[in-house]
Structures are given as C-alpha cells and as structure tokens.
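# Analysis of the macromolecular model
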Amino acid sequence: MNLNTIHPGVISVYYIILILFSLLFNNIYYLVSLLIFIILLIYLQGGEKEIGSTLKYFIPMSLIIIILNPLFSHVGTTKIYLFNNLFNNTFNNYFITLESLVYGFLMAFSLLIILLLFLSFNKYVDYQKILYLTSNHFSTVSMIGVMAMRFIPLLNYRLGEVNKIFKFNHDNSNEKRIDKVRKMGSMLAIVISWSLEESMLTAKSMKARGYGITERTSYLKYNIHKIDIIIILIIAITSILSLIGLYYGFGNIEIYPTLDTSFFEFPLNMYYIIFLFLLSPLIFLELMERILWKYNGKNYVNGGKYGTNKIQ
C-alpha cells in the first residue's frame, strides 16, 4: 500500500467536498469532528509543525472576525447590551446580538478548517500532480498557477541567499534603521532582477524546445486502481447521504433570526455517523500504511536477509 499511488483526481475531489461541507454544515459538533479529523490526518502526514505555524497566524485573524462581526452586524433577536449604566445615555443603548457572535465564531471555525485542509492537501498533491490534472484542458492556466505556486518559495530562498552575502560583506552591529531599510530595498532589487533574468532564460529555453507547438504530454502517469474505486464509492455514498441529512436539517442549525435551542445538543443520529464515515478513509489508509510498514519491517529484520536467525 502506498498513498502516493492514489489518483490525484480522487484526492482533489475528496478535499473539495470537505471544503464545501465545512461551509455548508454549521453544527458545532460536525465542525469539531471535521477539525479533529484534519488535525489527526496532518499529524499522521508528519505536519504537526505546520499546524503550530498556521495557528500562530490564524488566532489573531479569528479574533478579529469574532469581534468585528457582532459589532457591525446587529441581526438577531437576543440582544446583549454593552456599557450598561456606565455612560450617561451615550453608549447605554449600544448592543450586540448573540446570533451575530455565534455566526462570527462559526465563520472563524470554518476558516480554520479550510486552512488546515489546504495544508493537508499539499501533503498529497504537489504542483506536479496539479499540473498533471489540469494541463490537458487548461494548459495555460495550469502553467501560470504552478509558476505562481513556485514563485513565492523561490523568492524567499533567493532573498535568504542575498541576505547571507550582505551579512558577510557588511557589519550590522551599528546599523541604523534607515540603513536597514536601504539594505532591504537593495536586496529586493537584486532578487527581482535575478528572477526576471532567469524568467527570460526559461522563456527562451521553452521556445527553443518547442513548447506549445504540439499537444502537451506528462511524464507522470496515474491509472484508476481498485483502491481508487473503493474510495470513490465511499465518498459518493457518504456525501449523498450527508447532503440528504442536511436537507432534512441534520448538521445545520438555524442562527438567524433566533439561535436554535438545539445548538449544543449532541447530534447522535444516523446522518452524523455517516458524516464520520466520510471523514475516515484517509485516516484509515494512513494507519494501515503505518501498520504494514512496521509489520513488514519487523518481518524483514527477523526473517529477512539480515535477520539474526539467518546469520551463520
């Protein structure tokens, strides 16, 4: 078993469905389940460090969303008065609504899930697989997208290389703030000119090799295997049943105009269990791959070529 052999189209469709469901479902238990799933999956993928860096930038942004939404949106019937009896009728009538506060919290929660889903998606589908999926029908758009995805890490790497040269040639101990600004401007100018020069060389090389003259081919080749069909069936069945449950109100809580009283009720029903099955395929495959890896490795050590019972 190797997760890299799963067709990238299947993985892409699966993650698109999860992103859509994170926006369609607003039940807190559904969202918490999806968040636990994606954190566990990223941990199994070996990306626990990326979770910390994502949260470091997300927490301030989420607080802004949670605070600003009730301040500017007063839709809802449950009023929470602020500054009551603290000022002389200036701010005593200012209020926020519980519904707007809950809606802002759910928006921030969904945004966190989407960010982590993209983080997990990049572990399975890199830019080469994206190019493989889109190059046949959207060759120009896919090429621009892949170049944009590569551009930011490349600029960051080149900026680090130029910074090493500046540190080697200049003493920064007594450097003033204006000197730091000038140095950063010089570094950016060098990096941009470097990138533009290399882009011209790349364009000339592509033209010399006949890029765009004939139909584009790819050295990557993915076929639909049995595991792909199984995953497609699981995704299709659980997604359709989850949408049916959403149609009947399972997984969706009415927030406006009045917050539904079932907001904190645990949704122990068939549709919630089906939703959990929808979240399970990749985690199951990751766990199975680890078990098989350890089992085969242990057998190789004990009974393989270099096992202790084979040494004469």
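Figured I'd write up the structure that's included with this text. Computed from a prediction, not measured in an experiment: that's the story for all the values here.

Moving on, we get to the environment of Asp 126. By secondary structure assignment, the location of Asp 126 is in the loop between helix H4 (98–124) and helix H5 (127–134). For the pair Asp 126 and Pro 8, spaced 118 residues apart in the sequence, the C-alpha separation amounts to 9.3 Å.

Among the secondary structure elements, Asn 26 is positioned in the loop between helix H1 (8–24) and helix H2 (28–44). By relative accessible area, Asn 26 is classed as buried at 16%. Taking C-alpha positions, Asn 26 is 6.8 Å from Leu 106, a pair spaced 80 residues apart along the chain. If sequence neighbours within four positions are ignored, Asn 26 has contacts with Leu 31, Leu 106, Gly 251, Asn 252, Ile 253 and Ile 255.

Okay, helix H8 (residues 226–247) next. Side chains three or four residues apart in an α-helix point the same way, a direct result of the helix having 3.6 residues per turn. Taking 1.5 Å as the rise per residue, H8 with 22 residues should run 32 Å; its terminal C-alpha atoms sit 32 Å apart, in good agreement. Taken together, the buried positions of H8 are occupied by Asp 228, Ile 231, Ile 235, Thr 238, Ser 239, Ser 242, Gly 245 and Leu 246. Around the axis of H8, the buried residues are gathered within 130° of arc, so they sit on the same side. Pointing more than 90 degrees away from the buried face of H8 are the exposed residues Lys 226, Ile 240 and Tyr 247. Phi turns positive, to about 95°, at Gly 249, one or two residues after H8.

Looking now at the packing of aromatic side chains. In this description, an aromatic ring pair is defined by two values, namely the gap between the centres and the angle between the planes. Overall, the coordinates contain 14 aromatic pairs when judged by the stated rule. Seen from their ring centres, Tyr 29 and Phe 266 are 5.2 Å apart, and the 85° between their planes marks the pair as edge-to-face. Separated by 237 residues along the polypeptide, Tyr 29 in helix H2 and Phe 266 in the loop between H8 and helix H9 (270–279) bring together distant segments of the chain. Residue class for Phe 266 comes out partly exposed when judged on its relative accessible area of 48%.

Calculation rules
- Think of each chain on its own: its residues are numbered from 1, step by step along the sequence as written.
- With pLDDT at 70 or above as the cut-off, local features in this predicted model cover only qualifying residues; side-chain atom pairs require 80 or more to be listed or tallied, and sums for whole chains, interfaces and linings still use all residues.
- Processing note: side-chain calculations cover all non-hydrogen atoms of the structure and skip hydrogens and water entirely.
- Think of it this way: any DSSP run of H or I at least four residues long counts as a helix, any run of E at least two long counts as a strand, and we number them from the N terminus.
- The buried label goes to any residue with under 20% of its type's maximum accessible area, the exposed label to any with over 50%, and the partly exposed label to all in between, with areas taken from a 1.4 Å probe on protein chains only.
- The contact rule is simple, with two residues in contact once any of their heavy atoms fall within 4.5 Å.
- Between the first and last residue of a helix there are one fewer steps than residues, each counted as 1.5 Å, and that sum is the expected span.
- Arc, as used here, means the arc of the directions from the helix axis to the C-beta atoms.
- Centres within 6.5 Å make a pair out of two Phe, Tyr or Trp rings, where for Trp the six-membered ring is used; the pair is then stacked when the planes are under 30 degrees apart, edge-to-face when over 60, and tilted otherwise.

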